[in-house]
Amino acid sequence: MSIKVSDFVLRRLREWDVEHVFAYAGDGINGLLAAWGRADDHPRFIQARHEEMAAFEAVGYAKFSGRVGVCAATSGPGAIHLLNGLYDAKLDHVPVVAIVGQTNRSAMGGSYQQEVDLLSLYKDVASEFCEMVTVPEQLPNVIDRAMRTAYAKRTVTAVIIPADVQELDYTPPTHAFKMVPSSLGMASCTPVPADADIARAAEILNAGEKVAILIGQGARGARNEVEQAADVLGAGVAKALLGKDALPDDLPYVTGSIGLLGTRPSYELMRDCDTLLVIGSSFPYTQFLPELDQARAVQIDIDPSMVGLRYPFEVNLVGDASATLRRLLPLLERKKHGEWRNKIEKDTARWWEVMQRRASVDADPINPEYVAHALDAVLPKNVMLAADSGSSANWYARHLRMRGQMRGSLSGTLATMGPGVPYVIGAKFAHPDRPAIALVGDGAMQMNGLAELITAAKYWSEWQDPRLIVAVLNNQDLNQVTWEMRAMSGAPQFLPSQAIPDVPYADFARSIGLDGVRVEKPAEVEAAWHRALGADRPFVIDFRTDPAVPPIPPHASLDQIEAAAVAVLKGDSDRANMVRQGIKAKVQEMLPGNRHPDHRPDTRHGGAS
């Protein structure tokens, strides 16, 4: 019995163990939609409210599952809408395959409705593999290469299928000239560096007296080895934001996040070290690393194109983080846990005390730091966390401590607004038995989150654990940009661009069958978290937070941080204005970046992978 190209596409996805495709319908993929009907919705068609959200959900699924995320959209506008989510995947090195429709082959070049040159449009975002299927015999090779390349390169690939090709009878490639047969499967490979390079790296690390380790998401599978390396070297470990869940925060030598949204102990770890080991991170902000002539440095990364980018490394080890560290560890000489390590642990413990004090400062009406700090105390041990870009990323980075098997992510490199809610929806399809929490600003919620609550309402009853919590920091301000203007430009808040409407987020959730509560007093915060964590369906908490809480950089002194927070929050207008005016000077004075006076870091959040 013959099958159509569209039937074969879905069959091949099933053979690659694809269980979900995040998508939105359109006539450019009508053939695929019909095939889904014939296939009894296998793989599952997960209907987002917008193609960009479908892409973000595929990214969230991939980030929290480790598997390829697949999204699909129609031709023209649908394919265009996918792009932001696809770039989010590409820049964060996440495997995603996009399947998009195209106008009929007979209409191409005719300025036909919804005709867009998708090969040109996608050639950057899917630069590793982007192909248009024009005859059935190209399949299965195109699907296989798209899947295999996405996995192998940890990137975005795209398959474009014209509408009329979807309807053709499928005929496999034959044993003939210019036919390309294909096969399923992805061979496992664990690359490791040469012995000579390992030995050189060990020599550098053994010579150091003050060793600092920086890890990113590439170290996630090497937790045990990183812990052993830190113990042997007497090192502290800082984390880029995408690597926040790569090592628990309850280890006393883990200094937390690095960057403009990072912690002071991480800043001082880099400022004072004489040796640096970077594992699985492409953290981009050089000004938060040691002075360029200060530390001897070694890097471990699985991608040869990503080594040597951020610092003058003496040795670049290209290989899997876990396997490379296992080769390196026997060559390392144990260092005494003396003054250096003791200082790291003492500074880290003091930082968490300061976070507690900052969270306890009164605000009008609620301190957003208290919202995050109160959540930290009640996080389920297997929670999946997502933060949106904006000030919510500050509090995610600084107040939420990863422990045990907790997972977390955000848009690390693109730093785009709006992925928080779709990320956790994708995560719930990856792990329907685990709770998920998104910490988002009201700007991001209005941009994307509100509509995507409808997606959660459509599917939540299928999840074994129904808990999906969306916490909205409702301060009626695009807050991160407001503070960015004050700190980096010395400009006051420009209300026409920054002020946004107050929306009853919890009321909207209840109106579509979910649950929620509005919280307007600090005394209600902890009860709201407990209520949400005990809910039998997705839950929205609308926290009315104070936009005057400043995300002051970590290199300000601890006393200055607290004084600034108190001055702004207590309503002392003269002192508050001094603080606001002084933030710019404080950043320029204390950042290593003042060596480059034209540098203006992206303060949506301060760390990538």
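Computed from a predicted structure; not experimentally measured. (Residues numbered from 1 in each chain as written. Predicted model: local features only at pLDDT ≥ 70, side-chain atom pairs only at ≥ 80, totals over all residues. Heavy atoms only, no water.)

1. Concerning the overall build of the protein
Stated precisely, the cut-off is as follows: The secondary structure listing takes helices from DSSP runs of H or I that are at least 4 residues long and strands from runs of E that are at least 2 residues long, numbered from the N terminus. Under the scheme applied here, a residue whose accessible area is under 20% of the maximum for its type counts as buried, over 50% as exposed, and between as partly exposed, the area being computed with a 1.4 Å probe on protein chains only. Any pair of residues with heavy atoms lying within 4.5 Å of one another is described as a contacting pair.
Secondary structure summary: the protein contains 23 helices and 18 strands in total. For the protein, the proportion of its 609 residues judged to be buried stands at 60%. The contacts in the protein between residues at least 6 apart in sequence include a share of 75% that link residues at least 24 apart.

2. Comments concerning the layout of surface pockets
Selection rule: The method works on a 1 Å grid over the protein atoms by themselves. A cavity is a set of points holding a 1.4 Å probe that cannot get out, a pocket is an open set with protein on both sides within 12 Å along at least five of seven lines, and residues with an atom within 4 Å of a point line them. Grid points are joined across faces, edges and corners, and a volume is the space filled by probe spheres set on the points. Ten residues, namely Ala, Val, Leu, Ile, Met, Phe, Trp, Tyr, Cys and Pro, are considered nonpolar, four, namely Asp, Glu, Lys and Arg, are considered charged, and the remaining ones, Gly among them, are considered polar.
Within this model, the largest pocket holds a volume of roughly 1400 Å³. If you go around the largest pocket, you meet 47 residues; those closest to its centre are His93, Tyr151, Ala152, Arg154 and Ile302. Looking at the lining of the largest pocket, the elements with two or more residues in it are helix 3 (51-65), helix 5 (83-91), helix 7 (141-153), strand 11 (296-301), helix 12 (321-328) and strand 14 (407-409). In the lining of the largest pocket, the residues fall into 17 nonpolar, 19 polar and 11 charged.

3. Topic: helix 1 (residues 5-15)
When you tally the buried positions in helix 1, you get eight out of 11 residues, the bulk of the element. Regarding helix 1, the residues found buried are Val5, Ser6, Asp7, Phe8, Val9, Leu10, Arg12 and Leu13. Positive phi appears at Asp17, one or two residues downstream of helix 1, with a value of about 65°.

4. What about the pattern of salt bridges?
Our working definition: By definition here, a salt bridge exists when the distance from a side-chain nitrogen of Lys or Arg to a carboxyl oxygen of Asp or Glu is within 4 Å.
Throughout the structure, instances matching the rule amount to 33 salt bridges. The residue Glu520 makes a salt bridge to Arg518 at a minimum N-O spacing of 3.6 Å. Given the relative accessible area of 28%, Arg518 is considered partly exposed. We note a salt bridge from Arg518 to Asp542, for which the minimum N-O separation is 3.1 Å. Here the residue Arg518 occupies a position in strand 17 (residues 515-519), and Asp542 occupies one in strand 18 (residues 539-544), the gap between them amounting to 24 residues. Residue class for Asp542 comes out buried when judged on its relative accessible area of 0%.

5. Brief notes about the sheet that holds strand 16 (residues 468-474)
As a reminder, the rule being used: By definition, two strands form a pair when at least two bridges between them are found by DSSP. Comment: axis = line fitted to C-alpha atoms, over the contacting stretch for helices; angle = value between 0 and 180 degrees taken between N-to-C directions.
Spatially, six strands are ordered 14-13-15-16-18-17 in an open sheet, and the strand pairing comes out parallel. Lying at the two open borders of the sheet, with one neighbouring strand each, are strand 14 and strand 17. Going from strand to strand, the sheet's axes swing by 15° on average, the running direction of each strand aside.

6. Considering the pairing of strand 17
Going by this rule: By definition, the crossover connecting two strands over a helix is right-handed if that path, from the first strand to the second, turns clockwise as seen with the strands pointing away from the viewer.
Alignment of strand 17 against strand 18, held across five bridges, turns out to be parallel. Considered in strand 18, the bridge of Val517 is made with Ile541. Note on the crossover from strand 17 through helix 21 (residues 525-533) to strand 18: the handedness is right-handed.

7. A closer look at the confidence of the model for the protein
Any residue range with low pLDDT should be treated as having predicted coordinates unsuitable for detailed reading. Definition in use: What pLDDT reports is the predictor's confidence in each residue, on a scale of 0 through 100.
Here the protein shows a mean pLDDT of 90. Residues at 70 or above account for 90%. Counted against residues more than four places away or in other chains, residues 560-572, with its pLDDT under 50, gives 33 contacts. A low-confidence stretch, residues 578-607 stays under pLDDT 50, and its non-local contacts, those more than four residues away or across chains, total 78 contacts.

8. Details of the packing of aromatic side chains
The following threshold applies: Working definition: a ring pair exists when centres of Phe, Tyr or Trp rings (six-membered ring for Trp) sit within 6.5 Å. Plane angles under 30 degrees give stacked, over 60 give edge-to-face, the rest tilted.
Considering all chains together, one arrives at 10 aromatic pairs under this definition. Centroid distance Phe429 to Tyr459: 5.4 Å. Interplanar angle 75°. Geometry classified as edge-to-face. Taken as a pair, Phe429 in helix 16 (residues 420-430) and Tyr459 in helix 17 (residues 442-459) lie far apart in primary sequence, 30 residues in all. In terms of burial, Phe429 and Tyr459 fall into one category: buried.

9. Some words on the packing of helix 1 against helix 2 (residues 30-38)
Just so we agree on the cut-off: Helix crossings fall into two classes, left-handed where the near helix is turned counterclockwise from the far one by less than a right angle and right-handed where it is turned clockwise.
Closest axis-to-axis distance for the helix 1/helix 2 pair is 8 Å, and the angle between their directions is 60°. Pair helix 1 / helix 2 crosses with right-handed handedness. Only Gly31, Leu32, Ala35, Trp36 and Arg38 of helix 2 make contact with helix 1, whose side of the interface consists of Ser6, Asp7, Val9 and Leu10.

10. Overview of the side chain of Asp388
Filter applied, for reference: Under this definition, polar contacts are N or O atom pairs within 3.5 Å; protein pairs additionally need one hydrogen-donor-capable and one acceptor-capable atom, and for neighbouring residues in sequence, both atoms have to be side-chain atoms.
Secondary-structure assignment places Asp388 in the loop between strand 13 (384-387) and helix 15 (391-399). Here Asp388 falls in the buried class, since its relative accessible area comes to 2%. Reaching out from Asp388, the side chain makes a polar contact with the backbone nitrogen of Gly418 at a distance of 2.7 Å. From its side chain, Asp388 meets the backbone nitrogen of Gly420 in a polar contact 2.9 Å long.

11. Looking at the side chain of Glu452
The criterion, for reference: Counting rule for charge: Lys and Arg are taken as positive, Asp and Glu as negative, and neither His nor the chain ends is counted.
By the secondary structure assignment, Glu452 is in helix 17. There is no salt bridge for the buried Glu452, and the closest opposite charge comes from Arg49, which lies 5.0 Å off by N-O distance. Among the polar contacts listed, one links the side chain of Glu452 to the side chain of Thr455, at a separation of 2.6 Å. Residues contacting Glu452, with those up to four places away along its chain left out, are Ala48, Arg49, Met53, Glu57, Val421, Pro422 and Ile425.

12. With respect to the environment of Asp245
Structurally, Asp245 is set in the loop between strand 8 (236-239) and strand 9 (254-257). Asp245 sits in the buried class, given a relative accessible area of 2%. For Asp245 and Gly216, which are 29 residues apart along the polypeptide, the C-alpha to C-alpha distance reads 9.0 Å. Ignoring any residue separated from it by four or fewer positions in sequence, one finds Asp245 in contact with Arg220, Arg223, Met402, Met406, Arg407 and Gly408. Side-chain polar atoms of Asp245 contact the backbone nitrogen of Gly408, separated by 3.0 Å.

13. Topic: the environment of Ala456
When you line up the elements, Ala456 lands in helix 17. Sequence-wise, Ala456 and Leu468 are 12 residues apart; in three dimensions their C-alpha atoms are separated by 8.2 Å. Residues contacting Ala456, with those up to four places away along its chain left out, are Ile425 and Trp463.

14. Describing the pairing of strand 18
Counting buried residues along strand 18, six of its six residues qualify, which places the element largely inside the surrounding structure. Of the two faces of strand 18, the one carrying Phe539, Ile541 and Phe543 and the one carrying Val540, Asp542 and Arg544 are both buried.

15. Remarks on the sheet that holds strand 3 (residues 69-73)
Across the sheet, which stays open at both edges, the six strands sit in the order 2-1-3-4-6-5 with parallel pairing between neighbours. The open sheet has two edge strands, strand 2 (44-47) and strand 5 (130-132), and neither has a second partner. Neighbouring strand axes in the sheet, compared pairwise and without regard to direction, differ in orientation by 25° on average. Sheet analysis places strand 5 next to strand 6 (residues 156-162), joined by three bridges and oriented parallel. Bridge assignment links Glu131 to a residue of strand 6, and that residue is Val159.

16. What about unusual backbone geometry?
Each neighbour pair has its own omega, and for Leu139 with Pro140 the value is 15°, a cis peptide bond. Here Pro140 lies in the loop between strand 5 and helix 7. With an omega of 0°, the peptide bond running from Asp364 to Pro365 counts as cis. Here Pro365 is to be found in the loop between helix 13 (339-359) and helix 14 (368-378).

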